[in-house]
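Structural characterization, general
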Amino acid sequence: MLLTRKVHSHSPAISGGRIAICVSAVQEKTQKFMGWIEVLADPKPLFSQTSSPTLVWGNQETIWSLTPGAMTARPSARTLYLCKPKKDFTKYGRSCRPVIGGNPLLPKYGYPSERLLRLSEPKKYLPAYLEQRSRDTPEWPVSLAAQNYNPSKRILQLAQPKGLHPDFMPPREASTSPRRAVASPRTIALSKPKQLHPKFMPARDPEWPVTEAAKRAVATKRILGLAQPSSRPRVALTALDPDAFKVKESALKAVCTPRLAELAQPIKR
């Protein structure tokens, strides 16, 4: 559109100059666009190549030399806290991490560690509780008023121990006659455990040796026919064959019995 408008100008000289300027501008933009496409077409450099030096034979050093800035830098409080080693709990007799098969046992007569001694100390009372406590021990002397008190009839009744039931009978000693008793044949028969049925057969082992007769046996035609796998057409052929599910002539001539007609009725709910 720009070129068309410039050509239809009234002055031929002016039109030619404008056309030359437009052509040069288009060529410059085309060159810039092609250069940008070439830059975009270059493959992206790998991260390892830009962040680490190129590894060649002889410079595969795992420890890099420190820069002067890193050597003169002052660590922050967080860095100093993180650089502290972890506390070693093995001196207390057991490790922090579980051991396969259980933790190792302490020596039989080993002296307890400082941690065990500190945990074995009894819990101390708070000072406020000691100040409010009225007595030091759970035992305290009985007052003279309680010693000279005359109990009432009800208290004396409650103080009596609970008596035995009137129908209570103490356990009797076994007489000598049951000890000398002789069991009858019926009692001996009932005391025997329940026997298995005479025709009972225990569960057979799932694996058993094949007999010689079975090895020399000749299969009949019926067994050979039953041993043949069922022949079914492939699914692809069944989908294309219109007569794949053709009903037999005998099934078409079958007569439904009253029982089948009754069973074919839907359930009424």
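What you see is a predicted model, and the numbers here were worked out from it, not measured in a lab.

When its secondary structure is counted, the chain shows 16 helices and zero strands. Among the 269 residues that make up the chain, the fraction classed as buried is 1%.

Under the defined criterion, the tally for this structure stands at one aromatic pair. Here the basic side chain of Arg204 rests over the ring of Trp208, its NZ or CZ set 3.7 Å away from the ring centre.

Moving on, we get to the confidence of the model for the chain. Averaged over every residue, the pLDDT of the chain is 78; the share at 70 or more is 75%. Ignoring residues within four places in sequence, the model shows residues 1–13, a span with pLDDT below 50, making 10 contacts including any to other chains.

As a further point, take the pattern of salt bridges. Opposite charge on two side chains permits them to pair, given that their charged atoms come into close proximity. Inspection of every chain in the model, using the stated rule, returns four salt bridges. Lys32 is the partner of Glu28 in a salt bridge, and the nearest nitrogen-oxygen pair spans 3.8 Å. Here Lys32 and Glu28 lie together in helix α2 (residues 12–41), a separation of four residues that amounts to about one turn. According to the relative accessible area criterion, Lys32 is exposed, its value standing at 58%. A salt bridge links Lys215 to Glu212; the shortest N-O distance between them is 3.9 Å. Of this pair, Lys215 and Glu212 both sit in helix α12 (residues 212–215), three residues apart, which is roughly one turn of the helix. By relative accessible area, Lys215 is classed as exposed at 56%. For Glu212, a relative accessible area of 47% gives the class partly exposed.

This part covers a nonpolar patch on the surface. There is a patch of nonpolar side chains on the surface, built from Tyr125, Leu126, Tyr129 and Leu130 and spanning about 460 Å² of accessible area. Tracing the backbone shows Tyr125 in the loop between α6 (114–119) and α7 (127–132). Look at Tyr125 and you get exposed, because its relative accessible area is 55%.

Procedures and definitions
Residues numbered from 1 in each chain as written. Predicted model: local features only at pLDDT ≥ 70, side-chain atom pairs only at ≥ 80, totals over all residues. Heavy atoms only, no water. Helix = DSSP H or I, 4+ residues; strand = E, 2+ residues; numbered from the N terminus. Buried < 20%, exposed > 50% of the residue type's maximum accessible area, 1.4 Å probe, protein only. Phe/Tyr/Trp six-rings, centres within 6.5 Å; stacked < 30°, edge-to-face > 60°. Lys NZ or Arg CZ within 6 Å of the ring centre and 35° of its normal. pLDDT = per-residue confidence, 0-100. Contact = heavy atoms within 4.5 Å. Salt bridge = Lys/Arg side-chain N within 4 Å of Asp/Glu carboxyl O. Patch = residues over 30% accessible without salt bridge, like charges linked within 9 Å, V, L, I, M, F, W, Y side chains within 5 Å. Areas by Shrake-Rupley, 256 points an atom, 1.4 Å probe, with all protein chains shown as cover.

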